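Inside the fold
What follows is each chain in one-letter form.
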Amino acid sequence: MSTAAGRLAARVAGIVAMTGLVALMTAGPAVAQAGALAALGSPPDPKVPVSWDRYYDHAAVEDIGRRLEEAYPDRCRFGSIGKSYEGRDIWLLTVTNFRVGEADRKPAMYIDGNIHSNEIQGQEIALYTAWYLCEMADRVPWVSDLLDDRTMYIVPTINPDGRAAFIESPNTPSSPRSGVAPRDDDGDGLFDEDDLDDLNGDGHITMMRRRDPNGRWLVSREDPRLMIRARPDEPGEYEILGYEGFDNDNDGRVNEDRTGYYDPNRNWPWLWQPQYVQSGADAYPTSLPETQAVIDFVLSHENIAGAQTYHNSGGMILRGPGQAQDVVRPSDVRVYDRIGEIGETILPGYRYMVLWSDLYPVWGGELDWFYGARGILTFSNELWTSYNYFRIERGEETPDRHDRTDYRFDRLLLFGEAVVPWTPVEHPTYGPIEVGGVKKQYTRAIPGFMLAEEAHRNMAFTLFQAHQLPLAKVDSIAVRPIGQGLSEVTAIVANKRLAPTHTQQDQDHRISRPDWISLEGGDVVAGFVVTDPLQDLAVEQERRPARIEVESIPGMGTVTVRWIVRGSGPFTVTVDSPKGGVHSLSR
């Protein structure tokens with residue numbers, strides 16, 4: 001073959017190859033995945049493709065929710081539980097098998113996230129849960145069974161205004177924690193007039209430093225972006241001036257009246273305390289429309305038996321109480337402890353903890369309202385832990401004052417993307433300074449390539465809790481003729497899960513109605529709760545004997561009831577438990 005012919009053949013071959021590549025890229029998931037081996041734990045060909053390596057805004061959440069509802073109309077309903085201060089919808093995804101039972105009569109799990117504006121990954125993990133359940137129910141029998149028995153109420157963010165402020169505005173990793181309703185933080189009669197200022201215009205609020213021979217800070221010899229404290233006997237080179245900003249209202253203070261500034265997780269009507277006791281409490285419990293929207297939803301859904309609220313960070317599986325003055329009932333503690341123990345296995349690096357004694361006291365928190373006011377078993381996971389940087393346990397890191405784990409992770413795995421190098425700027429008060437430090441989506445928020453794993457593991461923990469919520473079933477019915485046209489009907493009703501149908505908190509405060517065990521068929525003469533089946537001891541219910549009232553069905557336990565009935569059947573026994581579901585059996 002001539003040289004010219006060879007070049008022509010190579011060019012044709014290249015065009016053919018490129019054409020094939022373009023066709024592969026544009027043909028859609030079915031073709032693009034041809035020849036691929038599906039990884040376990042993920043849908044091989046999702047009807048609703050979603051990238052779980054990023055953080056979504058309000059419009060994107062609506063888009064994902066509506067696409068899930070359209071793709072899975074018998075599995076997902078998309079709606080809203082109310083409006084935020086700025087008028088955004090507080091989105092709700094209800095996920096269950098709508099073809100089996102009534103969604104609002106099944107034992108339910110409530111999930112929310114992002115109550116604090118900067119704690120953004122709670123939304124993605126809640127949203128991932130809805131997506132995974134919809135996509136995998138046809139593939140994984142355990143998921144299908146869960147949706148037959150359970151309803152999942154998923155509210156990805158209960159602070160959509162604050163989330164938008166974090167995403168759209170320059171911020172630190174820890175700001176804003178608040179929502180955006182204006183408040184006068186410094187008591188000068190003005191509202192939100194001295195916020196953070198992005199001095200170098202890079203979209204992040206980092207630290208300010210200034211050269212000062214009397215300063216107490218040094219540049220790390222390991223990473224020039226990192227500042228370290230000088231030892232007591234060591235001269236320094238810099239002073240740290242705080243986060244980027246200047247005195248906008250000329251009161252001698254910097255950044256002291258930011259957007260909002262209350263704490264949405266101190267606004268709940270359970271052991272609430274005013275601002276001078278609990279910082280961030282706001283004027284009164286439920287002063288925020290977002291708090292009231294969640295409370296209204298929960299009060300109207302008595303079937304909610306468990307809850308999870310996602311925060312960040314620190315790698316914690318938290319339960320209440322938030323205060324030493326409060327208490328979690330001992331029998332409920334045993335349920336919490338078992339679920340928390342499994343959680344530490346599912347979530348390496350996380351610790352199961354009690355809020356007030358292992359972290360810090362909280363007055364008027366969401367976690368305590370759910371359990372205290374509603375008797376709902378509730379966890380709050382603090383998402384992300386420094387253990388995940390290098391999978392090194394706390395206390396086992398190599399001590400080096402000239403380095404820090406998050407900076408090392410940035411150098412070795414993010415290649416410098418997460419930290420802004422020191423940049424000179426002119427400050428209106430301080431003169432020539434430099435700004436630099438970690439970006440807003442680093443240290444607290446999960447890096448993109450690790451987000452899917454963190455979402456899946458936390459989802460798995462929450463689904464384990466959902467699985468262990470009460471599940472009441474009529475186990476058996478025995479009928480015995482006793483003469484004179486009468487029959488004795490005995491039914492055993494079982495709870496097939498760890499959690500009781502009523503927590504001890506629920507029982508002690510009579511928060512929700514008792515469980516009802518009803519008999520249809522014949523004329524009921526008398527009804528009894530059998531207190532000791534072996535000795536045949538029973539207590540008669542004097543009123544409405546056809547519907548026996550039971551305070552609770554214990555976890556992994558049973559109750560036995562009995563009726564004296566005119567007639568020989570057939571009989572149908574139905575258990576109707578607010579948090580344990582509805583089930584019937586006939587004989």
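Described in the following lines is the structure provided in the data block.

Description of the sheet that holds strand β9 (residues 304-312)
Taken in spatial order, the eight strands of this open sheet run β1-β2-β4-β3-β9-β12-β10-β11, and their pairing is mixed. With partners counted over all chains shown, the strands left at the sheet margins are β1 (76-83) and β11 (351-354), one partner each. This sheet shows a mean twist of 20° between the axes of neighbouring strands, independent of strand direction. Pairing of strand β10 (residues 316-319) with β11 involves four bridges; the strand directions are parallel. In the sheet register, M316 faces β11, and the bridge partner there is R351.

Focus: the sheet that holds strand β22 (residues 572-577)
Taken in spatial order, the four strands make up an open sheet running β20-β17-β22-β23, and their pairing is antiparallel. With one partner strand each, in any of the chains shown, β20 (547-550) and β23 (581-586) form the two edges of the open sheet. On average, each strand axis in the sheet is inclined to that of its neighbour by 15°, with strand direction left out of account. With six bridges connecting them, β22 and β23 associate as antiparallel partners. By the bridge assignment, T572 is partnered in β23 with S586.

Topic: the pattern of salt bridges
Under the counting rule described, the total for this entry stands at 36 salt bridges. Residue R391 pairs with E453 through a salt bridge whose shortest N-O separation is 3.4 Å. In this pair, R391 is assigned in the loop between α11 (387-390) and α12 (405-413) and E453 in helix α13 (residues 448-467), connecting sequence segments 62 residues apart. On the basis of relative accessibility, which here comes to 36%, the residue E453 falls in the partly exposed class. Among the charged side chains, a salt-bridge network with shared partners connects E222, D223, R225, D403, D410 and R411.

Describing the packing of helix α4 (residues 121-136) against helix α5 (residues 141-149)
Interhelical geometry of α4 versus α5 gives an angle of 110° and a closest axis separation of 9 Å. On the basis of their axis angle, the class for α4 and α5 is roughly perpendicular. For the pair formed by α4 and α5, the contact residues are Y132, L133 and M136 on the first element and V143, L146 and L147 on the second. Split by residue class, the contact of α4 with α5 holds six nonpolar, no polar and no charged.

Describing the packing of aromatic side chains
What the rule picks out here adds up to 20 aromatic pairs. Summarising the aromatic geometry, the rings of Y352 and F379 are spaced 6.4 Å apart at their centres and angled 55° between planes, so their arrangement reads as tilted. Linking Y352 in strand β11 with F379 in strand β12 (residues 377-383), this pair joins segments that are 27 residues apart in sequence. By the burial criterion, Y352 is buried, and F379 matches it. Centre to centre, the rings of W384 and Y389 are 5.3 Å apart; their planes meet at 85°, and the pair counts as edge-to-face. On the accessibility criterion, Y389 (8% relative accessible area) is buried. Here the aromatic residues Y110, Y153, W268, F297, W369 and F370 are joined through ring pairs into a cluster of three or more. Lying across the ring of F98, R77 places its NZ or CZ 3.8 Å from the centre. Lying over the aromatic face of Y238, R209 brings its terminal NZ or CZ to 4.2 Å of the ring centre.

Description of the nonpolar core
Counting residues in each nonpolar core, the largest one holds 57 residues, and the members touching the most others are L68, L93, V95, W131, L133, M152 and I154. The leading source of residues in this core is α4, at 10 residues. Apart from the residues within four sequence positions on either side, M152 is in contact with L93, T94, V95, M109, I111, L133, L147, L463 and A466. Within the second largest apolar cluster, 20 residues are counted, among which are I90, V294, F297 and F370.

Scoring rules and cut-offs
- Residues numbered from 1 in each chain as written.
- Predicted model: local features only at pLDDT ≥ 70, side-chain atom pairs only at ≥ 80, totals over all residues.
- Heavy atoms only, no water.
- Pairing = 2+ DSSP bridges.
- Helix = DSSP H or I, 4+ residues; strand = E, 2+ residues; numbered from the N terminus.
- Axes fitted to C-alpha atoms, helices over the stretch in contact; angles between N-to-C directions.
- Salt bridge = Lys/Arg side-chain N within 4 Å of Asp/Glu carboxyl O.
- Buried < 20%, exposed > 50% of the residue type's maximum accessible area, 1.4 Å probe, protein only.
- Parallel < 35°, antiparallel > 145°, perpendicular 65-115°, else oblique.
- Contact = heavy atoms within 4.5 Å.
- Nonpolar A, V, L, I, M, F, W, Y, C, P; charged D, E, K, R; others polar.
- Phe/Tyr/Trp six-rings, centres within 6.5 Å; stacked < 30°, edge-to-face > 60°.
- Lys NZ or Arg CZ within 6 Å of the ring centre and 35° of its normal.
- Core = buried A, V, L, I, M, F, W, Y, C linked by side-chain atoms within 4.5 Å.

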